[in-house]
Amino acid sequence: MSQITIYPTNILESGTVTVTGDPDSGYPEARIHDRSIDFLWKDTVTEAKDFHVDQGASSLDVDFLAVAAHNFDGEDLEWQHSDDDAAWTDAATDWTQADDDLIIKTLSAALTHRYWQLTLTSMANPQCAEIFMGVGYSFDVQAPRPPSGRDLDNVQWNRTVGGSERSTKFGPVRRSRTYSLFLSAAELVQFDLAMAYLDDYSNPFFVTDHAGDTFFARLAGPPNINWDHKTHTHISLSLLEVL
Amino acid sequence: MSLSAYNVTRIDAPAVEPIRLLTIEFDGLTLYLCDRIWGSGAERCLFDDQVYEPLILSWNTIDHGKIDPIDYTLEPSGAGFAVDNTMPVGGAANFTALFASHDPHYATITVSEILDGEQVDVAGAAANIDFTEYTEVDAGGRVAVIAGTITVADMALGEVGYVYKALTMPTVFKIDLKTSLNNDSYLDKTEMAVCGFGDGIDEISECSNGIFVQWFHQTTYIMAINCIIGGNKTQVHESGFASNTNYYLTINYDNTIGDYGQLLCAIYTDSARTILKETLTLDLPGLMPELAYHYVLSSLNSIYNTDTNLVVQDMEMETFPTYKGPVAADKIDLFKGKIEDFPSMATDRVEITCSGMELDIAHRFPVSICNTTDYAGADPDDIGKMLPVVYGQARKVPALAVDAGGKTTIVTDWTDTSPGNSGTADVTDGAYLPSGAFILQIDSEQISIASRAGNTLTLAAADARAYDSTTAVDHDLGSACAEIQTSYVYTVAAHPVKAIDAVYVDNIRQTTGFTAYTGQTGDELAGYEDLAVVAFSALPTFLKQVNVDINNTLDTDDAGHDHTGSNLYHRWNIDRIASTSGTITNANNIIDGSLTTYTGFNSHLAYVWMNSIYNQNPGGIPIKIRLGIQCHTMLAGNTIAFGFCGQSLSVGGAAASNNFYQSNWLTLSSSFNTWAEVNAAYAMVTQSLGSGSIGVIEIYAEFEYAPEAHEDSADVSLTGTVTMSGNTTAETVIGNRVSADVDGYQDDGAGTYTGTPAALIERPDHILKHLLIALCGLTSAEIDATTYAAAGTFYNTNSYTLAFAILARPNVRDLAGRIAHQSKSIEYWAAGVHHLKHIPASESTDKTLTAHRIDLSQIWISYTDRANILNALSARHARDWSGCEDDAEADRAVVIADDSTSDTKYGTLVGEQLTYPYIIGAAQAQAVLDWVIGDLAAPRLIIELAGGYYLADIQRGQTIAFVFDADSALDKALLGLVTSTTDQFRVIDRISRPDGALQIQTIKI
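Residues numbered from 1 in each chain as written. Chains lettered and ligands numbered in written order. Predicted model: local features only at pLDDT ≥ 70, side-chain atom pairs only at ≥ 80, totals over all residues. Heavy atoms only, no water.

Of the regular secondary structure elements, chain A holds two helices and 19 strands. When contacts within chain A are restricted to residue pairs at least 6 apart in sequence, those whose partners lie at least 24 apart make up 73%. With an accessible surface of roughly 10600 Å², chain A has 47% of that area assigned to carbon and sulfur atoms. (Helix = DSSP H or I, 4+ residues; strand = E, 2+ residues; numbered from the N terminus. Contact = heavy atoms within 4.5 Å. Areas by Shrake-Rupley, 256 points an atom, 1.4 Å probe, with all protein chains shown as cover.)

Before going further, it helps to examine the packing of helix H5 (residues 764-775) of chain B against helix H7 (residues 812-821) of chain B. All names here are of chain B. Relative orientation of the contacting elements H5 and H7 amounts to 170 degrees, with a least axis distance of 10 Å. Compared by their axis directions, H5 and H7 come out roughly antiparallel. Listed contacts from H7 to Pro764, Ile767, Leu768, Leu771 and Leu772 of H5 are Val812, Leu815, Ala816 and Ile819. Of the residues in the contact of H5 with H7, the class split is nine nonpolar, no polar and no charged. (Axes fitted to C-alpha atoms, helices over the stretch in contact; angles between N-to-C directions. Parallel < 35°, antiparallel > 145°, perpendicular 65-115°, else oblique. Nonpolar A, V, L, I, M, F, W, Y, C, P; charged D, E, K, R; others polar.)

Before going further, it helps to examine the sheet that holds strand E36 (residues 487-493) of chain B. Sheet strands pair via backbone hydrogen bonds, and the direction of the pair is either parallel or antiparallel. Residues and elements named next belong to chain B. Across the sheet, four strands lie side by side as E29-E36-E40-E39; this open sheet has antiparallel pairing. Two strands in the sheet have a free side with no partner beyond their single neighbour: strand E29 (400-403) and strand E39 (514-517). In this sheet, adjacent strand axes meet at a mean angle of 25 degrees when their direction is disregarded. In this structure, E39 lies alongside strand E40 (residues 532-537), joined through four bridges in antiparallel fashion. Across the sheet, residue Ala516 finds its bridge partner in E40, namely Val534. (Pairing = 2+ DSSP bridges.)

Before going further, it helps to examine the environment of Ser688 of chain B. On the secondary structure map, Ser688 of chain B appears in strand E53 (residues 683-689). The contact partners of Ser688 of chain B, leaving out residues within four places of it in the chain, are His604, Thr639, Ile640, Ala641 and Ser650 of chain B.

Residues and elements named next belong to chain B. Ranked by internal contacts, the top residues of the largest apolar core, which has 83 residues, are Phe365, Tyr391, Tyr490, Ile734, Leu771, Phe804 and Ile819. Broken down by element, the residue count for this core peaks at eight residues, all from helix H9 (residues 922-936). Setting aside residues no more than four positions away along its own chain, Leu771 makes contact with Phe365, Tyr391, Cys776, Val812, Leu815 and Ile819. Counting residues in each nonpolar core, the second largest holds 57 residues, with Val83, Phe342, Ala952 and Phe962 among its members. (Core = buried A, V, L, I, M, F, W, Y, C linked by side-chain atoms within 4.5 Å. Buried < 20%, exposed > 50% of the residue type's maximum accessible area, 1.4 Å probe, protein only.)

On the surface, Asp413, Asp416, Asp443, Asp474 and Asp476 of chain B cluster together to form a negatively charged patch. With respect to the helices and strands, the residue Asp474 of chain B is situated in the loop between strand E34 (456-459) and strand E35 (480-483). (Patch = residues over 30% accessible without salt bridge, like charges linked within 9 Å, V, L, I, M, F, W, Y side chains within 5 Å. Salt bridge = Lys/Arg side-chain N within 4 Å of Asp/Glu carboxyl O. Lys, Arg positive; Asp, Glu negative; His and termini not counted. Charge placed at Lys NZ, Arg CZ, Asp CG, Glu CD.)

Bringing the sheet that holds strand E48 (residues 639-644) of chain B into the picture now. Residue and element names in this part refer to chain B. Strand order across the open sheet formed by five strands is E43-E46-E53-E48-E49, with antiparallel pairing between neighbours. The sheet is open, and its two edges are formed by strand E43 (576-581) and strand E49 (647-652), each paired on a single side. Averaged over all pairs of adjacent strands, the angle between strand axes in this sheet comes to 20 degrees, irrespective of strand direction. Pairing of E48 with E49, which is carried by six bridges, proceeds in the antiparallel orientation. Bridge pairing in E49 places Gly643 opposite Ser648.

Summarising the element assignment, Trp116 of chain A is placed in strand E10 (residues 115-123). Taking the C-alpha atoms as reference points, Trp116 of chain A and Phe51 of chain A, 65 residues apart in sequence, are found 8.3 Å from one another.

In this section: the interface of chain A and chain B. Taken residue by residue, the interface counts 34 residues in chain A and 36 residues in chain B. Together chain A and chain B conceal approximately 2800 Å² of surface at their shared face, both sides included; 55% is due to carbon and sulfur atoms. A per-residue breakdown of the area chain A buries against chain B is headed by Phe39, Val161 and Arg166 of chain A, which together make up 24% of the total. In this structure, the connection of chain A to chain B is made through four salt bridges. One salt bridge in this structure joins Glu17 of chain B and Lys169 of chain A, with 3.3 Å as the shortest N-O distance. (Buried area = accessible area lost by both parts, 1.4 Å probe.)

The next subject is the side chain of Glu704 of chain B. Residues and elements named next belong to chain B. Looking at where Glu704 falls in the secondary structure, it is placed in strand E54 (residues 694-706). Of the buried charged residues, Glu704 lacks a salt bridge, with Lys624 as the closest side chain of opposite charge at 4.5 Å. Every residue in contact with Glu704, bar those within four places of it in the chain, is listed here: Asn567, Leu568, Tyr569, Ile621, Pro622, Ile623, Lys624 and Trp665.

Turning to the packing of H5 of chain B against helix H6 (residues 785-798) of chain B, a few remarks are in order. Residues and elements named next belong to chain B. The interhelical angle for the contact between H5 and H6, taken along N-to-C directions, is 140 degrees, at an axis separation of 8 Å. Relative to H6, H5 is oriented oblique. Packed against H5, whose contacting residues are Pro764, Asp765, Leu768, Lys769 and Leu772, the element H6 presents Tyr788, Gly792 and Tyr795 at the interface. For the contact of H5 with H6, a count of residues per class yields five nonpolar, one polar and two charged.

See below:
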């Protein structure tokens, strides 16, 4: 049975974030945790960067790292945690980023630590739109009402007098997914917990779909709940990729 | 508008991916925004090295500015958009938070478009080259090829060898290789290429186009890099290399560096490439065509090869990502303007509307106002007026009296002794007079004034009254008092001019008594630098000194019995040409007072008919008349006759030149024995015999008259008075209206606007360019060079020029429209750039549209209103800018046009008379009027349509035609009202719609 995983929390939002150096004017640090992958943090100073999070006294679990819309191709990165801000432990094996694609790192088990950091070797003009560290909530996907989805285009088609067609593309496609979940009471608690982090369904979040693809998404609408079973709850969940 | 090759490729495809870019230039901050994301990684939302942020939520229609099909006026362009107000931007918490530190109304808005911003990598990683995959041409068997090594052994004179394969040269690549050369014979030179690309299969040096790296040896070992473009080779080389020694080369080629690309070869002596021996750099001198073959070895000029031993090893090629997206030149600017309004501002979004730059430019005309700060002695009537701005050869430009001499009135009665030395006296308004010492004149007495404070004058401590040998007399309260000046200054133009050709006072041309200064360096009046001025020298007392010697009103004192005086003489002033007939040239010259110009008569009975404009009456009774003719040339067998007041003078018969002829005194008949009758008479000069050439310089008429009887006196004294008219001294001394024929702005020393240093700026495109750049502050980039150049050629061919004076602050948009219209052109702004489109006699079609380029149900057809039909028009032109009579301004010529076809169909429909005051020549005026009536003589078909980006390069003013088969879908969509290919339509409007469609409106030509 396939699963989907929702990552509704980002400790960069709840913790205190510091980034080495000063960002370029108009590209503030807040943009790396504003749940928008459209707007960049940038720094023209060539130096190693440390994206540091202090969660304070109450720490959230973390088993997921996403870095979106970056230019870290060819750079060495480290993802670490600490309880004293002095001794750091690798959360994942250090790696050299091979492209500018979305960075996804997941842990086999969630960890709870006060301090987390992502370090980046010195490079010219680093930029990224979002750094997301949080915990995933996974749910089995029902088979009888199989996952469905389609890509939503952003294309306008016009037919000419002569009968040919032309298209005007206003943006890339977006993925949409619809899942049917059949949750036990305990799973429903987890689901409700995940939804609670979405601020009345207004926040986008990262999701790993049934095929294992991770992307930034939002709810296409509030989950549709059917209490048609004595011990379980049917939930229909529609997701729409956020660009 | 010409599109880049990249854009042409993009819009020709049915699928287009536009990305709108918005630049907001605040004072000290520029925001780069876009309407969506594109690209990824380092190229995310990146265009032309600038990150654009997707803050634009929506667009309104972009109106590019419609050209009115009836009067050709241009509507301003406009655009609108909505900005996300929730995101931090520009260092502020959100968009509107910027307004606290950046005035949004100051901002300049530019809307642009790029097509498919995505970068496409055509990359290949570094790869070792396997030489065995290459083709070997080696008739002499001197070349040995294995996978990583090519060895040349003892290649001899005349032998050819090369190794190549078909491989298109990448646009950016790096090749590493190792090579050595041994040519120890030293008897002759050898040349050998070790790597390169060429466009053919031969020795690489025989290719028409190619690049390569080579060894060369004769007495020393040399390495060189070469490019061949169109058979022409360019080489860079360095010597100092050793025989039989390995060198490690890194060859870089990048076609994006410089104008045409760069080839660079770094030569190291170690395999790690840390010890650099030489760097060879060659900037390609021209565009390199595609090179289809890669050479890893090639003899170059086989006749030089002697005992050549060479090794090429370890060649590795790396190609780099090639940017396939749009570059800066591919950006299509749609709009440039200023923020006009915020229809809605909320926490989540801000809606903004903008007006085009042309509205801003409309008020950028610099105006110099005649004011009392700069011109303390200005004529009050001229204060507040704009100093004229003049283009071309403008006639009778009214001058402003900027130093006219102050004048006011005394407020008490003066006796001939009081006030006296050091005394004081009040005037009505002292502000018109200097505050320091000056000479004042009241009636005919001059008074020396020591100073003025407010309205109070303090007379000089000594000899204040009866100054300069005048006589102290009583003056009545209210008598005019005025400052005596030595000169009076009139400003003809607010700028230096090319020339001042003639000066007029009250429309009478002056020949003496003034100095004209163009304001050009070396011809400036001190205190009036950079201004074109006329300075009249003044007599030491008030006299009407211009035009009339002294137009006095002399009285005789009644001192006794009647007395009859001797007859007096009066020279009659003939100053108006009423009409001419026959072959007459320069008719005015016969009465212009100049002895250097003449009127030409060249046909039998040709005549000039003249009279006097102003009433002349010296008093008494006219008795006799004497006529004079100053001839320039007289061919034998011709005579000229001058008739006036019943008398005539006929001269000629024999050839003569520069002869003066004068009649005897002839007694006037009873028909001409009063001045009223003389004033009513016309004079006529006729070529009474022959049809040869006669030149008449001047004609004269002189009257003998009996003065009025007056009472005799032993001591007859004359008390002259000059009526002080106007409110300045100058108006009394000089006249009411001073004007000048002016050749206006001249080009700078570099010929920036005309191409010719110091040339008169009079061609319409030159005038517009100068107006917009020099006066209104545009840059040359904001003038469309292409349409201006085409229009300039048209103006040159047709000898179109303009001449005008700007006498009041103009709206630059309207002024540009008038200049264009009177040059048979239309003008428009596109994204802040001014375009000028001339209307040729015969139109060529700029673009044809087929059914596949117009969207379904997006054609709207109408006609111009019947009420606009006119088929009989006239237009005045050739303006005298200060008028030729008493008019404020007057046009001296008229052209007419009618359309008989329209007249037959609709009846005669006469339009209000048009005026083309900027046009001098009748041919130009007629061409413009013919163009106008051609457009108004019948209702015209208006077709509006929408389509895709195929319409992107269509600009207003251009002509299009539709191409379709009879009864096809397009034929039907056009309602059968359009003839395929033949019917031409001019584009008069262009709209960029939010849905990505482009909509144009056209009108049938």
